Amino acid sequence: MLKSIGTKKGGWKTVKERRALYIGRFQPYHKGHHAVIREIASEVDEIIICIGSAQRSHEIENPFTAGERYLMISKSLRAEGINNFYIVPILDVNWNAVWVSHVEALIPPVQVVYTNNPLTKRLFKERGYEVRTPMLFNRKSFSGSEVRRRMLCGENWEELVPPAVVEVIREISGVERLRELAKSDKEE
Ligand code: ATP
Ligand code: MG
């Protein structure tokens, strides 16, 4: 895409818009994702955030629906005045060789992909994309698995996610859902 920008001399020049892709499951969206997206949003013109495994929800590893994850991301970014993003939910195809084409069919064109996931990195590189590896922020605590673990154990998970995510999870009784999912119907 081309866009016109004003020059210092008062004229106009046409430059290429830079659009980036960031993919995650966001179960839930946490401060690590938030720090990365904040950085990407300042480096490129627009960021496309794909919610992977969109069809998954109500599982211990994937408790939240795509719509709930959508709310977590959009509310957290808007709260910081970040508006140059589009969110696209992506269903799993369980077929790595066609996955990039599947994603391409659903998103606006992007020039650069940001990911720490080795498989995502490999697949997009093979299709000719520029792939960048963002810094990991406090990965021990800022991880979806750790947030879910703390929710189950009654520990402080709230400090690991942006305030808007705490609100969304409260609104949908997310912790209660996760705890019920963890129960068994077998004899004790
Ligand atoms: P889970 O433990 O459920 O796998 P996760 O924290 O790895 O959750 P994902 O949604 O699987 O989150 O990951 C999306 C992307 O965010 C991946 O590229 C992952 O490497 C990256 N990411 C996860 N945690 C951090 C972090 N603390 N700092 C920077 N990037 C992160
Ligand atoms: Mg992960």
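This text follows the structure it describes.
Residues numbered from 1 in each chain as written. Chains lettered and ligands numbered in written order. Predicted model: local features only at pLDDT ≥ 70, side-chain atom pairs only at ≥ 80, totals over all residues. Heavy atoms only, no water.

## Overview of the packing of aromatic side chains
Then step 1. Applying the stated criterion across every chain yields a total of four aromatic pairs.
Then step 2. When the ring of Y22 is compared with that of F26, the centres are 6.1 Å apart and the planes differ by 45°; the resulting orientation is tilted. Of the two residues examined, Y22 and F26, each falls in the buried class.
Then step 3. Ring pairs connect the aromatic residues Y22, F26 and Y29, which therefore count as one cluster. (Phe/Tyr/Trp six-rings, centres within 6.5 Å; stacked < 30°, edge-to-face > 60°. Buried < 20%, exposed > 50% of the residue type's maximum accessible area, 1.4 Å probe, protein only.)

## Topic: helix α1 (residues 31-43)
Then step 1. Given a rise of 1.5 Å per residue, 13 residues ought to cover 18 Å, and the 19 Å separating the end C-alpha atoms of α1 matches this to within 8%.
Then step 2. Along α1, the positions that sit buried rather than exposed are G32, H33, H34, A35, V36, I37, I40 and A41.
Then step 3. Among the structural elements, β3 (19-24), β4 (46-51), α2 (66-79) and β6 (112-114) are those in contact with the buried residues of α1. (Helix = DSSP H or I, 4+ residues; strand = E, 2+ residues; numbered from the N terminus. Expected span 1.5 Å × (residues − 1). Contact = heavy atoms within 4.5 Å.)

## With respect to the packing of α2 against helix α6 (residues 163-171)
Each packed pair of helices is defined by two parameters, the angle between the axes and the distance between the axes.
Then step 1. Put simply, α2 and α6 touch, their axes get as near as 8 Å, and they point 150° apart. With respect to α6, the axis of α2 lies roughly antiparallel. In this structure, α2 meets α6 at a crossing whose hand is right-handed. Counting all contacts with α2, which are made through E68, L71, M72, K75 and S76, the residues of α6 involved are A164, V165, V168 and I169. (Axes fitted to C-alpha atoms, helices over the stretch in contact; angles between N-to-C directions. Parallel < 35°, antiparallel > 145°, perpendicular 65-115°, else oblique. Left-handed = near helix turned anticlockwise from the far one by under 90°.)

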